[in-house]
Every structure is written in structure tokens, then in C-alpha cells.
Amino acid sequence: MSDLIIRIGGEGGEGIISAGDMIAQAATRSGLNVLTFKTFPAEIRGGYAMYQVRFSKDHIMSEGSGSNIFCAFNKEALDKNRADLKPGTVLIYDYPDGDIEEEVKIDGVHCYPLPMSRIAKKDLEMYRAKNMVALGALSYMFDIALEELKDLLREKFGKKGEQVVATNLKAVDAGINYMKEHQKKTDPFKMGSAGKMAKDVIIISGNEAAGLGAVLGGCRFFSAYPITPATEIANYMAQWLPKLDGTLVQAEDEIASLANVLGASYAGARAMTSTSGPGLSLMQGLLGLASIAELPLVIVDVQRGGPSTGMPTKHEQSDLFMACHGGHGDAPRIVLSPENVADIIKLTAEAFNLAEEYQMPVLVLSDGSLGFRTESITRPDPASFKLVTRARYTGGEGFRRYEVTPTGVSPMSQPGDDVAGAYIATGLEHNESSNPNFTPENRVKHCDKRFKKLETLVKNYHAPELQGDGNADVGVISFGSTMGVSREAVALARAEGLKVKALHPRLIWPMQVEHIKAFAATCKTILVPECNAQGQLAELMRGVTGINPVSYRLYDGLPFSPQQLLAKIKEVM
Amino acid sequence: MSDLIIRIGGEGGEGIISAGDMIAQAATRSGLNVLTFKTFPAEIRGGYAMYQVRFSKDHIMSEGSGSNIFCAFNKEALDKNRADLKPGTVLIYDYPDGDIEEEVKIDGVHCYPLPMSRIAKKDLEMYRAKNMVALGALSYMFDIALEELKDLLREKFGKKGEQVVATNLKAVDAGINYMKEHQKKTDPFKMGSAGKMAKDVIIISGNEAAGLGAVLGGCRFFSAYPITPATEIANYMAQWLPKLDGTLVQAEDEIASLANVLGASYAGARAMTSTSGPGLSLMQGLLGLASIAELPLVIVDVQRGGPSTGMPTKHEQSDLFMACHGGHGDAPRIVLSPENVADIIKLTAEAFNLAEEYQMPVLVLSDGSLGFRTESITRPDPASFKLVTRARYTGGEGFRRYEVTPTGVSPMSQPGDDVAGAYIATGLEHNESSNPNFTPENRVKHCDKRFKKLETLVKNYHAPELQGDGNADVGVISFGSTMGVSREAVALARAEGLKVKALHPRLIWPMQVEHIKAFAATCKTILVPECNAQGQLAELMRGVTGINPVSYRLYDGLPFSPQQLLAKIKEVM
Amino acid sequence: MTATTEALKAKDYRSGIRAVWCPGCGDYGVLNSVQNAFAAHQLPLNSTVCVSGIGCSSRLPYFLKTYGFHTAHGRSLPVAAGVKLSRPDLEVVVFGGDGDLFSIGGGHFPHIARKNVDLTLVMMDNHIYGLTKGQSSPTSTPGTVGSITPYGVPDTSNVNPLAYALTYGATFVAQGFSGKPKQMDAILQEALNHEGFSFVNVLSPCLTFNKVDTTDYFKAAFIDLPEDHDKGNLVAALDRAFNPPAGKVYSGIFFQTRKPTMVENLRAINKKQKADKNMDLNIAVDWFKP
Amino acid sequence: MTATTEALKAKDYRSGIRAVWCPGCGDYGVLNSVQNAFAAHQLPLNSTVCVSGIGCSSRLPYFLKTYGFHTAHGRSLPVAAGVKLSRPDLEVVVFGGDGDLFSIGGGHFPHIARKNVDLTLVMMDNHIYGLTKGQSSPTSTPGTVGSITPYGVPDTSNVNPLAYALTYGATFVAQGFSGKPKQMDAILQEALNHEGFSFVNVLSPCLTFNKVDTTDYFKAAFIDLPEDHDKGNLVAALDRAFNPPAGKVYSGIFFQTRKPTMVENLRAINKKQKADKNMDLNIAVDWFKP
Ligand SMILES: Cc1ncc(C[n+]2csc(CCOP(=O)(O)OP(=O)(O)O)c2C)c(N)n1
Ligand SMILES: Cc1ncc(C[n+]2csc(CCOP(=O)(O)OP(=O)(O)O)c2C)c(N)n1
Ligand code: SF4
Ligand code: SF4
Ligand SMILES: [Mg+2]
Ligand SMILES: [Mg+2]
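**Examining the site of ligand 3**
Argument step 1. As a matter of local geometry, ligand 3 sits amid ten residues, with Cys22(C), Cys25(C), Cys56(C), Cys206(C) and Leu207(C) nearest to it.
Argument step 2. With respect to ligand 3, the chains having nearby residues are chains A and C.
Argument step 3. Looking at the shell around ligand 3 residue by residue, the classes come out as eight nonpolar, two polar and no charged.

In C-alpha cells, the structure reads:
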């Protein structure tokens, strides 16, 4: 068995999330790869919570398609997932003496009742241990990292004393024993150990990855306003920046946080903010200021269901239009699209280099799926992160901050440099010396200068990654977490012998038109799957490249599954 | 002579603007059509100001190409316009004893010195009357509404007393007499009277037109924050709304002004705000709220040079991307594109009907050229404005505010209706009863409902206006004030026997895809001229229709001239 | 619509929607007092509008049967002003949290207050961002730990909501505590009674995320304003707001004055302009005759 | 860079750019006093940063030779905070108008002030929006006419900038008048001297659009704070701000206190965390070991 998906569902607050985190961590220790997926209730308390872990001995590309094993902590969870309980899957559920009133029989589904509530309450006299009972049962039944789990328990609860450790271990054992004694395994699922964990593995969420990427990318100034699902980025930065002698500000709103970042950037810092759609909307005006004043900065946008407050805890990829084209006037920006957690680290760090090199705002478009998920990944080596810094004024008279150059990039001075470097950064159209100037000639010259930088970038940026080769019936192009799903779906299609390819661009704006056209030239049909209602990437791509892709849109708050996408690929073939 | 363009240039504060306004008004009284064009200095005081009036016995479509007559109040103005002084044109300039030091001779240009400063200072002992001296000279030399001008002077200054009237009349006569005595007319320009003014003519600026259109469209609640070049809309509303028992609020910022409007709309009002790019950027989040809560409202955006503070007094059409696609999430909006001042009245009024009918925000995209210009137009008849009002809840149990219907439109209740109509308007995704609901099925259902309204609209909205027929080598599509220029350029091209057509859409978003495609099918090349750097309309059109137009972009702060566009038409032929 | 002359009871203001707050959340108490105050004034269900921003506290309008608008984070006040100024016949009550009203919405507060817009604003002050799971808010005590301030809030001072409202020109300013329901009932009734902008700050503990400013802490800290407190004296009210006895917080009505409201001011202008809904629009058009 | 040990004179702070204000605009006087104060402190041209928003007044940084940032309307303070907090070695001075700072920017002011961010803020208060040609501003006297308020400002009360700043926790609050250059020089020097957030409100008449609150009006209205005014007493300062003698306005230093600044607070946190610019980043990575 090389791939297994376990899903746990129940009431928010029943320890679903911590149980999921633990088994993911234990599995990572046992050498498995993991990729998790959670959904939170919209409210602070109560409501349905779900945690899914995908385990594999191979690299995991996405959340996967459905789940093999579902563990229902209560009736609501069971009801919500009933439709997904396909023949061949496994159900473990709280029965008897939970709120599920009848034994469950579903054709072809391996149903194992486990009275987790009763065991926790009656046998262990600690209702909170219910999740540990379930964990024990799951770990045992499917042979996942049992020893590692127990070790982890000892470490985790060690600080809380022997007693706590003992109770939790007892709960795990109770789960194991109940299954041993009462259930005969009828299903085929058995993960097994992957041997030893590779030495250089870490387990990290997408949001933490953005924080880590920023730190590795040299970010030392950060300001943000809390917002779901991006707050964890700020939490990470808040913890580490002071240790690095950096500066963290919790601002009064998103406008202020971007303003803080602009000031810090002007003064020389590698600076960043993180937010989600509602925050990014508020930042549009100041983003334009960053473009015209040519200030490097990074924004990580963890997209959520929109518009307005929308669906704060749900996955969506509907900020692409705004990322590329929001705000008034013509203002160049760079937008990067990470595929998975490792990519977030890499691209967030890279975002700082691009911001510095091209002196403009760089947006990293994360999304709900990426932000909340946890992945085991190869440990990034800090030494491998090379920092590119802005072209700097080196002193001397006659300095012009916005000197027009062949690349569009001009050296920057900053306060503390000498007086001859002094200039007034401004949101007004200006001449090379940064003085306001609205003559037609000057306007065109400086507008062209700013957009020239995008041309330079497109010329210099590495080609988008190609999956597959030769001519194809279908070529898939997507962005963000949907790239991982596409990669898996295309792999599945190719394994079936279908002529399918994919292009995985990291630079989503400006578009790498030549590369996209060359790719499209090898495909009969271009398919653009994305998680939004308008088909934003498809429209932009049509608008910029003239290629006319088939747009495939999902906007129900969930990521695509590879099977869903595979079916679509076959449909458009 | 059926068409004449006079331009006056000088230092801001020398009465350039008032002189221009006066001759435009006088000419209107004499039965001529007028269309004006001004540029202001960026600063409050000083700097170059320019006022241009185009006079014609026929309908005027645009600012025109260059000018026939230039009147230079000072050296700066002369220098700035020297390049435009083509053979055959006329120059009147302040000489001698102004700051122009030498007599001006330009090959083929009819140069008439007029010592306006000296006459005003020495002969009249009132430097402020300089502009009246120039007016007299212009009116006399080119036979434009001399009697009407004098009448106007009497009316305008009547309140200030006989003395003031006398001085101003004297100044006008001084200008006339100087020309009579010292200059021999060598140029051919002579406007002449158009007989009597038609009874139903008004003279009005584009910004005032937005105000008047709003009033005629039933707007009774208005909130705004001052911003160039949109403030005059607020000024108009401020003056008239109290008389109509309406409500005007000067808000603390643009976010507040749109929030005010949202509240008023929820409570039942036809409500509006006006702004320019920097304000519209700030409104993006709340625009999404209007979309998802399905609240009717109108925003007039008078575009200016961007991004950021940009070029506040300059013309540009660079907010189109933001108007259609700004803000996070997928949020339907309607965007209207007026061609000229009369159109602004019509479309602003219509915007309220569309907002009410489709329960969503409607943006009217004006621009610097339209907002600042004055036109003589046929007087709109208030009786011809029919108000469409929102579908209303009519009482009774079982009401669901967001009931899914075939058109996407559901009846609205409002406070004051009965209790069964009560609901909580919200920016969260919700079910038919407006309660928060994030299930995948509900999400898709309501997102589709909201976009369904755009489909209904596109089906119902009148076809875009077609200029020309049959097959064409070039078909022009543009928006806003550029439509007027296109109309004139296409008329010129057709007069030359070229096979050129144009489509003039008032509904710019959602796009009328079928109509555009049908039009494109009759043209070899589609040309999209627009005043922005990115080719925003061209990209959107390509993105939505798949048609691949030639993009023609001007972004130097000025509108296109018909000749410029005609040349491009010929180039792409 | 069923015409009824029967008096509305507190429970009649409650909608069918279950309150989603954590067990023990102070906001439950606020909801109760609001129902009581509404009933005391017999506010008509169909012409009362409850407006809020975003936050745990801002969910309150859903739990009432009146009309409502759950706006965007920080925008409750200007939306409510739009409702009230376009429809002065409506009773408009605004709810929100300390983050919603003093952080992201802090730019609107002064202007709504100084314009004396006829609204009643009830703030549920828990010294924390509840909905986003425990970040420090502008009213958090400096030094306390939040998720983005793991080493303590570095701000030199925090927002004093009462002093702010007083300085802004609010014409009614009071403070209550969700653990003192009787007093809160009385304050809310007064606030609804007040003509003009009234601000009630309710200390409403967040059980889940605020482990410092807890119910017990407030219980111990809350003391009534002195009997002789002069509600008509702005500077005295500011003094009470800034300088309570050490470790204590005052509750009660700090300030009340009657000034022309925004609705009255706008009406006066319209009257002077001989406002006429049915004015002949030809007049507005003919103003542009050349 | 020409190394010079010669003292900088006021005029050495002036850039080559001609000030674009109307003749007689109060802002000329402010510019002069700023140059004088900079010279008095010998602020280094290359490590002083002047930040502003948008408005006539916000053009001031162009006329100085220092570094500067002419930001967006209302955003000077948070931009300036970003400059200062990332680069505490710089001297950061902020300029702006009454609309810029109290209308669209009014949401930032409280937080920058209460955090005691080490900035000097000079507001040019002309009771009007100058650049946009004469709309009433939040400091306009109620009833005065502006282009969007042709029948008079309908607000019940206007913003009292001093009282606001005091309530927000600004640690230095003063008021000057462009027509009293000596006093303004002195105040600005003190403000630059102050450690922490200092706010100087300068009444700076707009000749062109404000025909009510003119230079003559202010000349008549301005009186010095009483000799015995206690600069250390917040409530007393508020009293002076709210209750000057009828028809009068106080000038001088209303309040001054020394509290930890934001820079100091953040430094203390970093120190506690053993801040190390060269920390081995492997530590940050290995924190994620399973
Ligand atoms: C523009 C925007 N930024 C951030 C958020 C995230 N957010 C939602 S509620 C909230 C703060 C809640 O705190 P408070 O207003 O004190 O209410 P409480 O939950 O404590 O009652 C934040 C930051 C948002 N919804 N919109
Ligand atoms: C977002 C945005 N809204 C509006 C404007 C237009 N605007 C520019 S300056 C200004 C107000 C100026 O008043 P104030 O700050 O008092 O400065 P003053 O000109 O009086 O010195 C306004 C409304 C803008 N630039 N940006
Ligand atoms: S998180 Fe706090 S404020 Fe929110 S519902 Fe729970 S206890 Fe109340
Ligand atoms: S408009 Fe007023 S504030 Fe602006 S420069 Fe002129 S006088 Fe000064
Ligand atoms: Mg709170
Ligand atoms: Mg001002």
C-alpha cells in the first residue's frame, strides 16, 4: 500500500485537529509523506470540523480524491460524509453509546463501530481523551506509526506530568485493544512503515511556510492585521522576527499594515505583509503607490471564499483578477503562484528577490487549501537561499532616482545615504529626479519605464515547468494549489496512456506569453481548472495570449480532486 | 465655416477658464454647438491653464484635432503650443508689453499681436480685464456671438453694479477696436451665426450632467468625499438634493461614503456616490458587499491619470480593469460607458434603473475629458425619464429574501415592511433566508444566482449602437469619451470612402458578447483605441469574446484626436 | 402582517437562530439586555434595524427578529448612518467589538459621533479579537499576550473607549458590564431613550481567548460612578474615564447632553431650502439654460 | 558627499523647488519655522525623512532638501511609522493637513499616538480642504459654507485636534499659528526635542478658500496658555483644549510627558529574545522537525 487517506470528522472542540496533527507528525517520523486538509466551522464554537491526512511512501501532490477511511466522531460528521462512503472504503464510528443511534451498514463499506465516547467517559473517565482512543484504533488498524505516536505522546504531554502521559497512552491502548478484541479486519488498508525517516524532513503548514520563506528570503520587517486564513503567517513572524532583531507590527488595519511596509521598504528593509482577500481589497490604492514610487515589497495573500466576508474558512482562488489588475490606473506588479508547501517557502523567499530586483510589489497567491494544510517536506537549507538586493545608489552628484535605463530598473538611494541621494518618493507622476511632472512626454516615458521592468522580468524568469512531452490532446494550465491537483491528474491520465500534458507556471503575472503559446501549440485543447466562479485565469490567459482555453471552474469552497479533474480531462479530449 | 476650434492658454488665475466659459455660453445662445476642453495646472496657483472651445453648426463629437486659433496670454502658453501652430492656423498673442518679448513670425501661421496686458493695465486700469480684451478680439475676429457675449456680460456682472458691467464691456470693445484698427484679417476663419438658438438647449459640464442624471434617475441619497476630477458632481448634488428633500453627506473618506450609500440602499433609497480612481480603489471591499448582499447602488467614477495620486487633473481611462474585476472574490457588477455629456445624463439615470432591476452596483465610467468638458446639448425632458424600481416584497409569511428565481432576481423587503420581511443583509455566503451557510451546494446555488442576473441583463439590454454597415476593413470599438473620437474618426474615414465601421457599446460590463462577435464577423480588423497603458478594454475583450483586436493605447494625459485615430485606422487597414 | 396590540416581551425579539457564541461568552448577557431594553421601549420589530460589523459580537443581529445588516469589518457605523439619515423614521442600533469599532473602524467613529448621528452604539469590549482567535485588540492592556504579540503588546497605552467617545463629542456615553445585567438593562434603556449619538461600552469577557481580563477580573474591578458625578460636565467625565481608582473601572452613565442631531441639522437645511419631494424637475434642468 | 563640519543654516534645508502655494498661504510660514527648527537641531540632511500625505500642506517635503515620502491621502502616519520602526536611527517628521490627518487618515492617528511612535507630526490646520478647492474639513466650524456644503456644514461639532491627540495618548501636544513665527519656532524645536510622539497643530490660514477663519481672525483669537498651565496634567490640558475663553484659542505647549516610546518597547522585546541579526537560520528551520 503506497497511499492512504484517512478522514476524521466531528464537532469542533473534540480534539479532531490535534488528533490529526499528531498522526501526521507521527507518520512523518515513521518515514511516510503526509499532506493534510482541514475544514473548520465558521463559528468559534460548535459546528462540523474535519481533518484529513493523506499518507504515502511517495511524494504527495494533492489532497487526493475522496478518502479511504472515515472516522466519525458523531452523527453530524457521519451524515455529512455518507455520500463519500463508496464501496471498498472503511468507516469507523462512535457506537454504541455515542449520538449515532443505530449500527451502520453500508453496502461494500467496511464498518467498524468503536465506542470512543463510552471508552473515554466510562473507562478512562476523561471525555477529552476520546480523540486518543480513536487515534489508537486508527494507528493500529491501518498500521500507521504506532510506536512513533506513543513517543510523540510522551514528548507532547511530558511537560504536563507523568499522569497526563499515562492517561493518554492508556486511551491510545484502549482504542487499540477495543479493535483487537471486537473487530475483525475485513478491509485491505495497511500503510506500514516506510523504514526510517529521512534525516532532512520537516513538517510544516502552508502558512508557516510563508513565514519561514520570508525569514529565509531576508524579510526583517513585517506588519499585518489579523485575518482568516492568513493569521498564522503573522503568528510565525511575530515569534521569530524579534529573535532576528527584526520588527513586527500589528497594525490597526490592512491599509496601515501596507503603509508600514511601504515606509520600511523606502528606508531599505525587506518588508512584507500577509492578508486575505478583504485585506488585499483595502490595499489596492497603496499597491499603486508602491508601483509608481517603485518600492520593493511582498504581500502573501491567502485566498478564501469571497466576495466580501464571504466564506472565511473556505478554500477559493478568486483573488487572481485583483492581484493582477486591481486598483486604479496602470500599475505593474508581479504575482507568484506556489503549488504546495515547499513551493511556498521557495517562492516567498524568491518574492523578496524579485521585489528587490524589479523594485515593485510582489504578491504570493496562496489559498485556503495551501494555507491550512500541513506537509512533510524536505528540509530547506538556509545556505541555499541567496539574497538579491536592490540596485543601490553609490554616491556622487547628479543622481536621479528614476533614471530611465534599458531594463527599466534604476538604482535606489535610501535615507542615511548622502545628501545627493535624497529624493521625495511620490505617488504623483514624476520626472527622473522624482519631481512632479505631468507633461505628456514625461508621462509616457515613466509609464513605459515602469512596464519595461515587467518585460525584463519575463525575459529573465525561468521557463514554467513542463509535465509530459510531445504532442497532446489536452494540456492543463492552472495556478496555486490546483497545480498540485493538475499534476496528479495528468500523471494519472498519462499512466492510463492518454496524451496529456501540463504546464506549471510559478510566475502567473506578468504571463510568460511565449512559453504558454509554445506549450499550447503542442496541445489540441488547453484546459484551465481553477477554484473560482468567473474562470479568472482562463479569461486573463485568453486576454493576454489570445489562446482560447476550456475553462473549468469549481467554487463550492473545496479544492478539486484529481479524479474530478481526470474526468474533465477525458471529457474535453 | 461649420467648425472652428479656439484655444486660449495662459497662467492659471488669469481668467482663462471664465473667458472660455463665457464664449462657450454666448456661442450656445447664438445657436452654435460647443464642446470645451480644459487643462488645469496641478497646483492650486500658477502653472499653465488651457481652455479650448470647439464651435460648430453641426453636432460635435469630440474635442477635435488640434486647434485653428490659439490665443496666448503669456510666453509659457505660447511655448507649450508652438508645435501645434501648423500652417493655416491663427495665433493671437499678448504683444507688445506682455512677457512675450519679440514679435512672432511662423511660416504660414496668421499671427496677430494684441497687447492685452497693456490695454487692460494702462487703458482700462484693471489687469483682471485682460481676458475680456481677448474675448472681444476673438469674438470680433472670428464672428462668434458678439451680441450674445455682451448680453451675457450685462447679466453676469449686473449684480455687481453698473460700474463693473461698464468696465467689462469697455474691455471687450477695446479688444474689438484694437483688432479693427491694427490688424488686417488674413485668415479664413469666420464662424458666423447659426441663426437662432433652438429652444431646448442647455449648456452643461460632464460632471454636472452626472448630477443631473442622478436627480432625473430618482437619486435622493448621495454621499461622497471630495476628489479631483469628480468633486463637481458632489457640488451639484449638494445644491439640489436638499431642495428635493433628499439627503447629502460629505463623508470622512470614500469607504464611508460607499458605506453610507449601502445603508441607504438597504433602507430603500436610490443612492449614489461619485469618486475618481483613488476613491474607487478604497471602495473595492464594500463593492463586493453590495454584490453579495444584492443591494442596488450607483457609483460614478471620473477617471484620472493613475496609479496612486498619479496625475489628478489629467484625462485617462485606466480604471476599467478595476471597475470590472477589482476587489476580492467573484462579484457581479454592471459598468456603463457614456460617450458624451448628453450620454452621461442618460446613462447615470439609467444606472439607477439597472441597479434597482438587478440589485447590484452599477458603475458609470466617466473620465477626465468628459467630466471637465462643457457641451451644448438638447435639453433633457424630465418626463421622459421613467423610473424602474426594485422588485418589492409584498407581505406575507414564508418570504425568502434571496429566493432563487429563473432571472436571478428576487423581491426585496426593507425596514418598515412587516416583520415577516425582516432579514439580515450580510456579506457572508447565505441561504435563501439570508442566514450564513457555507455548504458546497448552497454556495454554488447562490453564486450562480448572482451571476444569473448578468445573463438576464445581457439578454435584455439593447444592442450596442452601430456606425456604418456592410463589411469593413476596420471596425472600431472603444469606450467612454474615446467613443466620441472614434465616431468622428470613423465618419471621416467613411467620408473618404474607406470601409470602416464602429460599435459603440454603452454596456461595457458584462460584455455583450454575441453583438461584439457579430460585429467582428463583419470586420477584417478590430481596432480598440483607449486612453490607458495596458490596453485594458482590448485585453478584457480578448478574454471574454476570444476576438483578437489591435490595441491602440494613449496614456499621455490627453484624449485622442480624431485625426490621430484616423491615421491609426489607415495604418491597420 | 398580523396586527397585534399585545405588548412585546423580551423573548419576542429573539429570532429562531441559535446564538453561536462559546458557552459563557459575555455576549449572551448583552443579547439579553438588548432584548430587555427593546421590550422596555416596545421597539417595533419591523422598523428597528440592527447593524453590525464583523466579529463574534457582530453576529448579534442574527439572534434578533428585527431587520438587520451584518456589514463588513469596521463599517457598521457609516452603514448605519446611511440607514438612519435616509430613513429617520427607523430606530437604528449598532453592535460591534473593540477591534471592529476602534481598530479597523476607528476612522469612522469620531465623525459619526461629532455629527451626532441618531444611533445607539453598543460595543462588546472583550479586550481581544475573538473571532480570529485571540489577537490583542486596541483595548488590550499593554503587555498582554496575543497570537501576533507573543511577547506582549508593545503599545505604550491602549484605547480608552469612553474617553475617545467623549472627546469625539458623543452626546451619551456610558459603561456597563455583562456580569451586571440590571445596570446594563438600565443603561441600554437610557441609551435608546437618548436623542443623538449614544455610546455604551459593555465589558463582555471572552472566555475562550482572554485569560487575563476575565469575568472574575471585571467583577472585582467594576464600581459604580460616584453618586455626585456630574453627567453634564465633559471634563469631569473625561477625568472619570482616565482616572478611576487604582485597579478599578467605573460603570454607569458618564456623560449626557442634548444637542441638535444630524437628522435635525439636515432637516433644518432642507426646510430652509423649501424641500419638496415633488419639486418640478424642469427647474433643475433649466438651471443649465445658456 | 562633501564632508563639512560647518553648521547648517535654515536656508541650507531648502531644496531648489519653488513652493507652489498661493501667495500669502500660511504654509510658507510653517516651512520657514521648520527650516529654523531643523537648523536649531542641526538635523543631518541625509538622515532626516519628511513624510506627508496629500493636500496643499503635504507638498512641504518637496521644498526641503532632506529625504522624503509624499505618500497617499491620509497615509502619512503609518508610512512614517514604517520608516521609523525599521530605521530608528532616522529622524522622521510628518506633515499634513486637517483633512489628510483627521478625515481620511483619522483611523491611523489614535494608534500611532497611543503606541508613542517616535515621530514629530506637524499639522497645517486651515479648517478647509485646500487642494481640492474649498470643501469643509473636519475642523471647519459647523455652519460654514464649503463647496459640498453650500448650505453650511451640518455637523453638530467639529474635530478638536488638540483634544483628540491628548485623548489618544500623544506625549507632546502643542498649538502654534503661522502668524506667530517666534512661538512656532520654539514649539517646533521642543517637539523635535521630545522623545516619543509629538503633535503640533499649526493654524495655517488658507487665503484662497477659507474666507471665515482668516489670518485676521486667528490673529485676534490667539492667546498664550496661562503661565500657570500644568503641562503634566492630562485632564487640565483637555480642559484648556475644550474650554478656551470665549472667541479665543490657546497657543503653546498643552501637554508633555515622557513615556516609553514604541522604538524602546520593541527594542526591549528584541533584547529579551536575545535578538541576533546573524542568528543561525537553521534554528528557525529545525523548529519544524517532526
Ligand atoms: C478587512 C478585514 N480584515 C480582517 C478581518 C478579520 N476579522 C474578522 S473579525 C476581526 C476582529 C474581531 O474582533 P472584535 O471586533 O473585537 O470582535 P470580537 O470577535 O472580539 O467580538 C477580524 C480581525 C475581516 N473580516 N475583514
Ligand atoms: C483617496 C483620495 N481621496 C481624495 C483625494 C483628494 N484630495 C486630495 S487632498 C484632499 C484634502 C486636502 O485637505 P487637507 O488635508 O486639509 O490639506 P490642505 O490642502 O488643506 O492643506 C483631498 C480630499 C485623494 N487624493 N485621494
Ligand atoms: S471566542 Fe470569545 S468572544 Fe467569541 S464567542 Fe467565544 S467567548 Fe465569545
Ligand atoms: S489653496 Fe489655500 S492652503 Fe492651498 S496653497 Fe492656496 S492658500 Fe494655501
Ligand atoms: Mg473583541
Ligand atoms: Mg486643510
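Once you've had a look at it, read on.
**Thoughts on the packing of aromatic side chains**
Geometrically, a pair of aromatic rings is defined through the distance of the ring centres and the angle of the planes.
Argument step 1. Inspection of the entire model under this criterion finds 57 aromatic pairs over all chains.
Argument step 2. Measuring from centroid to centroid gives 4.8 Å for Phe102(C) and Phe109(C), while their planes differ by 25 degrees, and the two rings are stacked. Side by side, Phe102(C) and Phe109(C) carry an identical accessibility label, which is buried.
Argument step 3. For the pair Phe102(C) and Phe199(C), a centre-to-centre distance of 6.4 Å together with 80 degrees between the ring planes defines the contact as edge-to-face. Residue Phe102(C) is located in helix H3 (residues 98-104), and its partner Phe199(C) is located in strand S8 (residues 198-203); the two are separated by 97 residues in the primary sequence.
Argument step 4. On the accessibility criterion, Phe102(C) (2% relative accessible area) is buried.
Argument step 5. When its relative accessible area of 0% is taken as the criterion, Phe199(C) is described as buried.
Argument step 6. Ring pairing ties together the aromatic residues Phe102(C), Phe109(C), Tyr164(C), Tyr168(C), Phe197(C), Phe199(C), Phe102(D), Phe109(D), Tyr164(D), Tyr168(D), Phe197(D) and Phe199(D), which thus form one cluster.
Argument step 7. Lys243(A) extends its terminal NZ or CZ atom over the ring of Trp240(A), reaching a point 6.0 Å from the ring centre.

**A look at the sheet that holds strand S10 (residues 249-256) of chain C**
Argument step 1. With mixed pairing, the nine strands of this open sheet are ordered in space as S16(B)-S2(C)-S1(C)-S3(C)-S4(C)-S8(C)-S7(C)-S10(C)-S9(C). Looking along the sheet, the strands with just one partner apiece sit at the ends: strand S16 (424-426) of chain B together with strand S9 (222-224) of chain C. Between one strand axis and the next, the sheet turns by 20 degrees as a mean value, whatever way the strands run.
Argument step 2. Pairing geometry for S9(C) and S10(C), over three bridges, is parallel.

**Looking at the coordination of the magnesium ion (ligand 5)**
Residues and elements named next belong to chain C.
Argument step 1. Protein ligation of the magnesium ion (ligand 5) involves Asp 98 (OD), Asn 126 (OD1) and Ile 128 (O), the donor distances falling in the range 2.0 to 2.2 Å.
Argument step 2. Counting gaps between the donor residues of the magnesium ion (ligand 5) yields the pattern D-x27-N-x1-I. In this pair, Asp 98 sits in helix H3 while Asn 126 sits in the loop between strand S4 (120-125) and strand S5 (128-129), placing the two residues 28 residues apart along the sequence. Neither residue differs from the other here; Asp 98 and Asn 126 are each classed as buried.

**Details of the relation of the copies chain B and chain A**
Mapping between the two chain copies consists of a rotation about an axis together with a translation along that axis.
Argument step 1. Between chain B and chain A, the superposition needs a rotation of 180 degrees and an axial shift of 0.0 Å, giving an RMSD of 0.0 Å. Viewed as a symmetry operation, the transformation between the two copies matches a two-fold axis. Measuring from the rotation axis to each C-alpha of chain B, the shortest distance belongs to Gly543(B), at 1.9 Å.
Argument step 2. Both copies contact each other with a shared surface, as 100% of the interface residues of chain B are interface residues in chain A too.

**A short note on the domain arrangement of chain A**
All names here are of chain A.
Argument step 1. As assigned here, chain A comprises domain 1 (3-182), domain 2 (203-384) and domain 3 (465-572).
Argument step 2. If you average the C-alpha positions of domain 1 and of domain 2, the two centres end up 33 Å apart.
Argument step 3. Contacts between the two partners involve 17 residues from domain 1 and, on the opposite side, ten residues from domain 2.
Argument step 4. Interface area, domain 1 with domain 2, both sides summed: about 1100 Å², of which 51% is carbon and sulfur.
Argument step 5. On the domain 1 side of the contact with domain 2, Thr 36, Lys 38 and Phe 40 bury the most area, a combined 34% of that side's loss.
Argument step 6. Put simply, domain 1 and domain 2 have one salt bridge between them.
Argument step 7. Put simply, Glu 63 and Arg 373 hold a salt bridge, and the shortest N to O gap is 3.4 Å.
Argument step 8. The interface formed by domain 1 and domain 2 holds four residue pairs in polar contact (both at pLDDT 80 or more) in total.
Argument step 9. Within the residue set of the side of domain 1 that touches domain 2, elements represented by two or more residues are helix H1 (16-29) and strand S2 (33-39).
Argument step 10. Broken down by element, the side of domain 1 that touches domain 2 gets its largest block of residues, six residues, from S2.
Argument step 11. Grouping the constituent residues of the side of domain 1 that touches domain 2 by class yields eight nonpolar, six polar and three charged.

How each quantity is defined
- Per chain, residue numbering runs from 1 following the sequence as it is written.
- Labels are handed out in written order, letters beginning with A for the chains and numbers beginning with 1 for the ligands.
- With the structure being a predicted model, the display of local features is reserved for residues of pLDDT at least 70 and the display and counting of side-chain atom pairs for 80 or more, all residues being used for whole-chain, interface and lining totals.
- Side-chain metrics rest on all non-hydrogen atoms present in the structure, leaving aside hydrogens and water.
- Residue proximity to a molecule or strand is established when one non-hydrogen atom of the residue lies within 4 Å of it.
- Gly falls in the polar group here, along with every residue not listed as nonpolar (Ala, Val, Leu, Ile, Met, Phe, Trp, Tyr, Cys, Pro) or charged (Asp, Glu, Lys, Arg).
- Here the aromatic set is Phe, Tyr and Trp, taking the six-membered ring for Trp, and pairing holds for ring centres within 6.5 Å; pairs whose planes are under 30 degrees apart are stacked, those over 60 apart are edge-to-face, and all others are tilted.
- Partly exposed residues are those whose accessible area sits between 20% and 50% of the maximum for their type, while under 20% is buried and over 50% is exposed, using a 1.4 Å probe and protein chains only.
- Under the scheme used here, helices are H or I runs from DSSP no shorter than 4 residues and strands are E runs no shorter than 2 residues, and both carry numbers assigned from the N terminus.
- Definition used: whenever NZ (Lys) or CZ (Arg) falls within 6 Å of the ring centre and also within 35 degrees of the ring normal, the charge is taken to sit over that ring.
- A strand pair is defined by DSSP finding two or more bridges across the two strands.
- To get an axis, fit a line to the C-alpha atoms, keeping to the stretch in contact for a helix; angles then go from 0 to 180 degrees between the N-to-C directions.
- Listed donor atoms are N, O and S within 2.8 Å of the metal (Na, K and Ca: 3.2 Å). As water is not included, a site may look incomplete.
- A least-squares fit on C-alpha atoms brings the copies together, and the residues used are those whose pLDDT is at least 70 in both copies.
- Only heavy atoms matter for contacts: two residues are in contact if any of them lie within 4.5 Å across the pair.
- Segmentation of the chain into domains, including their bounds, is taken from an automatic or database domain assignment.
- Accessible area that two parts lose when put together, evaluated with a 1.4 Å probe and summed over both, is termed the buried area.
- Salt bridge, as used here, is a side-chain nitrogen of Lys or Arg placed within 4 Å of a carboxyl oxygen of Asp or Glu.
- Whenever a nitrogen or oxygen atom comes within 3.5 Å of another N or O atom, the pair is scored as a polar contact, on the condition that within protein one atom can donate a hydrogen and the other can accept it, and that pairs from neighbouring residues in sequence are kept only if both atoms are in side chains.

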